[in-house]
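# Survey of secondary and tertiary structure
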Amino acid sequence: MSNDEIARLIGRVALRDRAAFDCLYGRTSAKLFGIILRMLKDRPEAEDVLQEVYVKIWHNAAKFQDVGLNPVSWLIAIARNHAIDRIRARQPNAMPLDAAHEIADDAPDPEQEALASAQRHRIEECLGRLKPMRAAAIRGAYVEGYSYQELAARHRLPLNTLRTWLRRGLLSLKECLER
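Description of the structure in this document. Just so it is clear, the structure is predicted and the values come from calculations on it, not from any experiment. (Residues numbered from 1 in each chain as written. Predicted model: local features only at pLDDT ≥ 70, side-chain atom pairs only at ≥ 80, totals over all residues. Heavy atoms only, no water.)

### Side note on the state of the cysteines
For the structure on display, the rule yields 1 disulfide. Covalently, cysteine 126 is tied to cysteine 176 through a disulfide, its sulfur atoms 2.0 Å apart. Taking the torsion about the sulfur-sulfur bond, which here is approximately -80 degrees, the covalent link between cysteine 126 and cysteine 176 counts as left-handed. One end of the pair, cysteine 126, is in helix H7 (residues 110–128); the other, cysteine 176, is in helix H10 (residues 159–178), with 50 residues separating them in the sequence. (Disulfide = S-S within 2.5 Å. Helix = DSSP H or I, 4+ residues; strand = E, 2+ residues; numbered from the N terminus.)

### Structural notes on the packing of helix H1 (residues 3–14) against helix H5 (residues 71–90)
Describing two packed helices takes the angle between their axes plus the distance from one axis to the other. Between H1 and H5, the least distance of the axes is 8 Å, while the angle of their chain directions is 60 degrees. Taken as axis vectors, H1 and H5 run oblique relative to one another. Across the interface between the two elements, Asn3, Ile6, Ala7 and Ile10 of H1 pack against Pro71, Val72, Trp74 and Leu75 of H5. Class assignment of the residues belonging to the contact of H1 with H5 gives a composition of 7 nonpolar, 1 polar and no charged. (Axes fitted to C-alpha atoms, helices over the stretch in contact; angles between N-to-C directions. Parallel < 35°, antiparallel > 145°, perpendicular 65-115°, else oblique. Contact = heavy atoms within 4.5 Å. Nonpolar A, V, L, I, M, F, W, Y, C, P; charged D, E, K, R; others polar.)

### Examining helix H2 (residues 18–40)
Between its first and last C-alpha atoms H2 spans 29 Å; for 23 residues at 1.5 Å apiece the expected length is 33 Å, and the helix comes up short by more than 12%. Of all the bends in H2, the greatest, near 50 degrees, is centred on threonine 28. Burial in H2 covers these residues: Ala20, Phe21, Leu24, Thr28, Ser29, Leu32, Phe33, Ile35, Ile36 and Leu40. Against H1, helix H3 (43–60) and H5 lie the buried residues of H2. At the N-terminal end of H2, a side-chain oxygen is found 3.0 Å from the backbone nitrogen of alanine 19, two or three residues along, and the residue is aspartate 17. Once H2 ends, the next one or two residues include lysine 41, with phi positive near 60 degrees. (Expected span 1.5 Å × (residues − 1). Bend = angle between axes of the 7 residues up to and from the residue. Buried < 20%, exposed > 50% of the residue type's maximum accessible area, 1.4 Å probe, protein only. Polar contact = N/O pair within 3.5 Å; in protein donor to acceptor, adjacent residues only side chain to side chain.)

### Section: the side chain of threonine 28
With respect to the secondary-structure elements, threonine 28 resides in helix H2. Aside from chain neighbours lying at most four places away, what touches threonine 28 is Ile6, Tyr54 and Leu75.

### Concerning the environment of lysine 31
Among the structural elements, lysine 31 can be located in helix H2. Considered as a pair, lysine 31 and leucine 75 are 44 residues apart in the sequence and their alpha carbons are 9.8 Å apart. For lysine 31, the residues in contact, after removing those within four places along its chain, are Val72 and Ile76.

### Details of the packing of aromatic side chains
Summed over all chains, the structure comprises 4 aromatic pairs. Centroid distance phenylalanine 21 to tryptophan 58: 5.2 Å. Interplanar angle 80 degrees. Geometry classified as edge-to-face. Residue phenylalanine 21 is located in helix H2, and its partner tryptophan 58 is located in helix H3; the two are separated by 37 residues in the primary sequence. Each member of the aromatic cluster is reached from another via a ring pair, and the members are Phe21, Tyr25, Tyr54 and Trp58. (Phe/Tyr/Trp six-rings, centres within 6.5 Å; stacked < 30°, edge-to-face > 60°.)

### As for the pattern of salt bridges
Evaluated as defined, the whole model comprises 9 salt bridges. In this structure, the salt-bridge partner of arginine 90 is glutamate 45, at a minimum N-O distance of 2.4 Å. Here arginine 90 is found in helix H5, whereas its partner glutamate 45 is found in helix H3, with 45 residues between them in sequence. Overall, the relative accessible area of 42% leaves arginine 90 in the partly exposed class. (Salt bridge = Lys/Arg side-chain N within 4 Å of Asp/Glu carboxyl O.)

Here it is in structure tokens:
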């Protein structure tokens, strides 16, 4: 069948001529089905898509005149686009951004690990410059999470003395780290 005959059939389909639609289907469905089947690789799904394509052709035949394409190219474009839509629909939906936060890896990346390691080393070096009892009190309070009362009891010191140790120790650490 020539392009002119297919164009005339599409024109008659635009006027809701069922006989022209049957003829158009009979002359073009095998070609469109082959294209859809190659794309989808699933015969039952390709049959469904072919049916949907012809429904779309029935509803959009009036638009063919406005496009100015070769009639077979127009039919193939409709079939391809619909098959592509079906392939996209198979893809799992993207995860909402809020849910993606839940699967994010909170672990530090290598650069952050290197910086943290260097900072830990620097802090340990500065803690090593303090008197051992004061360094132990700082570790106990700020690393191990002991309360001031627990540390005062552990080191057998009055509470205010322990607080003074911690305050002075932190000031010494700050000075050391700023160098």
